[in-house]
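In case you want the letters, here they are:
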Amino acid sequence: MSCVSCATSIPGLLDIEEARQRLLASARSLTASETCRLDVASGRILASPIHARLAMPGTDNSAMDGYALRLVDLDTHSDGLPVIQRIPAGCAPPPLPEGSCARIFTGAPIPAGADCVVPQECCHIDDQGRMHVQGEVLAGANIRRHGEEYLEGTTLLSTGQRLDAPALGLLASQGIVEVEVFVRLKVALVSTGNELVEPGAHLAAGQLYNSNRIMLGALLQQQGCTVVDLGIVADTPAALRGALCQARDSADVVICTGGVSVGEEDHTRPVLTELGELIFHGVAMKPGKPFTFGRLHGADGGVPLLGMPGNPVASLVTWQLLGQPFVQACQGRYPRPLQQFSVKAGFRHRAPHGRHELLRVVLDHAELEPVARLAGGQGSAMLSAACQANGYLMIPCDMPVMEGNDYAFLPVTQFAI
Ligand code: AMP
Ligand code: MG
């Protein structure tokens, strides 16, 4: 995708799209599945395809409230048709005798012999109770035909489909009460940083509340993962080694925040190399440059590790663009390509050097065309703007933002599914 690959990125950094592709290429999907009742299956991932047991609609039925009749009878009975049946939804009507019509309601089965339904607005009942039609009527009008949506045996949902509300509605329409879904993916969460304390604890000088644990925990739960929370881990190789071994032994994927840069206090990469392998480090994105991907050696081919930057907005954005598609692929899903469309910038901004910048913006619809405005401060620790933003404006490397120019806008709603 041209917008997320860039010729002038800093050497050694992967383009965003290349990083996504490398992550997806190394994701191994869960295979274990379990049976799940439909009423608690929201957000679960199908482990086997669903084929239609019933054709839809199951019978020819009326699309309108009106009168069912034989078209030919309108020509031969210019004095109107007697209304000899009343067919509400839910009944099984007898055949319609020639030269008569039936009062019928939406969803009710069409009686044998009738070949159209005339909407009640086009009908008139005279003093003798005979029905007259105003206007033209076509054969088959307002009849929903048996199997016109799909026939028995049609594949309705595929393996890897997330069970959202329409999918659950579709399953219910088939009379299905339980489905086979993949087991929940277990993700261990490790927050590194000597400066971190949990909300609720006393904040001493130089300390900082841990935002990433709660934020990433919520994002993982939204994706239907089971979170194995390993809390805050001190910035020492020994502490990190212990935490990563525990994480590897208790989860399918490990996410670790902080300590992924190259300073003396950053231990993730050396400990990862000791316990497994570093697959790549560094992505040409701002925020999010230090994002790291590797694998901790262990049983069954080991456990993948996503090293997310400590700054909360960098953690959020690398989760959305890189971590989430990887986790979805591990869950058995087929992640979607990034959704984006062109939007005008309503501001100026300096060029991001050697990386794509993802500016947190709000779309302003006050004018004819939507215009992107900065949602607030753009520092990689500034969650307040991320809370206001409804998308990211993707600025290509080394390109200053000019007011009125078009840039790719990535709506954040795409990450909520
Ligand atoms: P690091 O990636 O460890 O160099 O951290 C970068 C910045 O993010 C530092 O200012 C850290 O204090 C901050 N940070 C790291 N982890 C967290 C966290 N879990 N919650 C909030 N801020 C964090
Ligand atoms: Mg740190």
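Rules and cut-offs
Within each chain, residues carry numbers counting from 1 in the order of the written sequence. All chains are assigned letters beginning at A, and all ligands numbers beginning at 1, according to the order in which they are written. It should be noted that, the model being predicted, local features are given only for residues of pLDDT at least 70 and side-chain atom pairs only at 80 or more, the latter also being counted only at that level, while totals for whole chains, interfaces and linings use all residues. Excluded from the side-chain calculations are hydrogens and water; all other atoms, namely the structure's heavy atoms, are used. Throughout this document, a residue counts as near a molecule or strand when at least one of its heavy atoms sits within 4 Å of that molecule or strand. Pairing of N or O atoms within 3.5 Å defines a polar contact, subject to two protein rules: one partner must be a possible hydrogen donor and the other a possible acceptor, and residues neighboring in sequence count only if both atoms are side-chain atoms. In this classification, the charged set is Asp, Glu, Lys and Arg, the nonpolar set is Ala, Val, Leu, Ile, Met, Phe, Trp, Tyr, Cys and Pro, and all remaining amino acids, among them Gly, are polar. Relative accessible area decides the class of each residue, using a 1.4 Å probe on protein chains only: under 20% of the type maximum gives buried, over 50% gives exposed, and in between gives partly exposed. Labels follow the DSSP assignment, with helices taken as runs of H or I lasting at least four residues and strands as runs of E lasting at least two, numbered in each case from the N terminus. Residues count as neighbours in contact if any of their non-hydrogen atoms are within 4.5 Å of one another. Throughout this description, the term nonpolar core refers to a set of buried Ala, Val, Leu, Ile, Met, Phe, Trp, Tyr and Cys residues connected via side-chain atoms within 4.5 Å. Throughout the structure description, domain borders are defined by an automatic or database domain assignment. DSSP bridges decide pairing: two strands pair if at least two such bridges lie between them. Helix axes use the C-alpha atoms of the stretch in contact, all axes being lines fitted to C-alpha atoms, and the angles between their N-to-C directions lie in the range 0 to 180 degrees. Salt bridges are defined as contacts in which a side-chain nitrogen from Lys or Arg sits within 4 Å of a carboxyl oxygen from Asp or Glu.

A. Expanded view of the site of ligand 1. The environment of ligand 1 is formed by 14 residues, the closest being Glu 195, Asn 210, Ser 211, Gly 259 and Gly 310. Contact between ligand 1 and Asn 210: a nitrogen atom at 2.8 Å from a side-chain N or O atom of the residue. Here Asn 212 contributes a side-chain N or O atom positioned 3.3 Å from a nitrogen atom of ligand 1. In terms of residue class, the shell around ligand 1 is built from 4 nonpolar, 8 polar and 2 charged.

B. Inspection of helix α4 (residues 212-222) at higher detail. Every buried residue belonging to α4 is among Asn 212, Met 215, Leu 216, Gly 217, Leu 219 and Leu 220, and all of these are buried. Of the surrounding elements, those touching the buried residues of α4 are β13 (186-192), β16 (226-233), β17 (253-257), β21 (303-308), α7 (312-330) and α8 (383-388). The first or second residue beyond α4 is Gly 224, which carries a positive phi of 80°.

C. Highlighting the nonpolar core. Ranked by size, the top nonpolar core spans 44 residues in total, and within it Ile 255, Phe 291, Leu 321, Leu 322 and Leu 358 carry the most contacts. The element contributing the most residues to this core is α7, with 10 residues.

D. Geometry of the domain arrangement of the chain. Domain parsing of the chain yields domain 1 (16-34 + 184-331), domain 2 (41-53 + 154-182), domain 3 (61-144) and domain 4 (341-416). Placing the centre of domain 3 and that of domain 4 at their C-alpha centroids yields a distance of 58 Å.

E. Examining the sheet that holds strand β5 (residues 81-87) more closely. Taking strand neighbours across the sheet as the criterion, the 6 strands line up as β7-β4-β6-β5-β9-β8 in an open arrangement whose pairing is mixed. One side of each edge strand has no neighbouring strand; the edge strands of this open sheet are β7 (116-119) and β8 (123-125). Averaged over all pairs of adjacent strands, the angle between strand axes in this sheet comes to 40°, irrespective of strand direction. Two strands pair when backbone bridges link them, and β8 and strand β9 (residues 130-133) are joined in this way by 3 bridges, in the antiparallel orientation. By the bridge assignment, Ile 125 is partnered in β9 with Met 131.

F. Fine view of unusual backbone geometry. For the peptide bond that leads from Met 56 to Pro 57, omega is -10°, which places it in the cis range. Counting through the fold element by element, Pro 57 comes out in the loop between β2 (50-51) and β3 (61-62). Along the chain, Lys 286 connects to Pro 287 via a cis peptide bond; the corresponding omega equals 0°. Positionally, Pro 287 belongs in the loop between β19 (285-286) and β20 (292-296). Positioned with a positive phi, Asp 398 is a non-glycine residue whose angle comes to about 60°. The exposure class of Asp 398 is partly exposed, given its relative accessible area of 35%.

G. Summary view of the pairing of β20. Counting buried positions over the 5 residues of β20 gives 5, a clear majority of the element. Taking every second residue as pointing to the same face, both faces of β20 are buried, with Thr 292, Gly 294 and Leu 296 on one and Phe 293 and Arg 295 on the other. Judged from the 5 bridges that link them, β20 and β21 form a sheet pairing that is antiparallel. Paired with Phe 293 across the bridge in β21 is Leu 306.

H. Looking closely at the environment of Arg 348. The topology assignment puts Arg 348 in the loop between β22 (341-345) and β23 (356-364). Counting along the chain gives 57 residues from Arg 348 to Asn 405, while the straight-line C-alpha distance between them is 9.6 Å. Ignoring anything within four residues of it in the chain, the contact list for Arg 348 reads Val 401 and Glu 403.

I. Representation of the pairing of β22 in the model. Direction of pairing for β22 relative to strand β26 (residues 406-411): antiparallel, over a ladder of 4 bridges. What sits directly across from Val 343, in β26, is Tyr 407. With 2 bridges connecting them, β22 and strand β24 (residues 371-374) associate as parallel partners. Directly across from Ala 345, in β24, lies its bridge partner Ala 372.

J. Broad picture of the side chain of Glu 17. Within the fold, Glu 17 resides in helix α1 (residues 16-26). A residue is classified by how much of its surface remains accessible, and Glu 17, at 13% relative accessible area, is buried. Of the polar contacts made by the side chain of Glu 17, one reaches the side chain of Gln 21; its length is 2.7 Å.

K. How the structure looks around the pattern of salt bridges. As enumerated under the stated definition, the model contains 12 salt bridges in all. The partner of Glu 34 in a salt bridge is Arg 44, and the shortest N-O contact between them spans 2.6 Å. Of the two residues, Glu 34 is situated in strand β1 (residues 33-37) and Arg 44 in the loop between β1 and β2; the sequence distance between them amounts to 10 residues. Glu 34 sits in the partly exposed class, given a relative accessible area of 32%. Arg 44 sits in the buried class, given a relative accessible area of 7%. In this structure, Arg 248 and Asp 249 form a salt bridge, with 3.0 Å as the shortest nitrogen-oxygen distance. Residue class for Asp 249 comes out exposed when judged on its relative accessible area of 59%. The network of salt bridges with shared partners includes Glu 198, Arg 213 and Asp 229.

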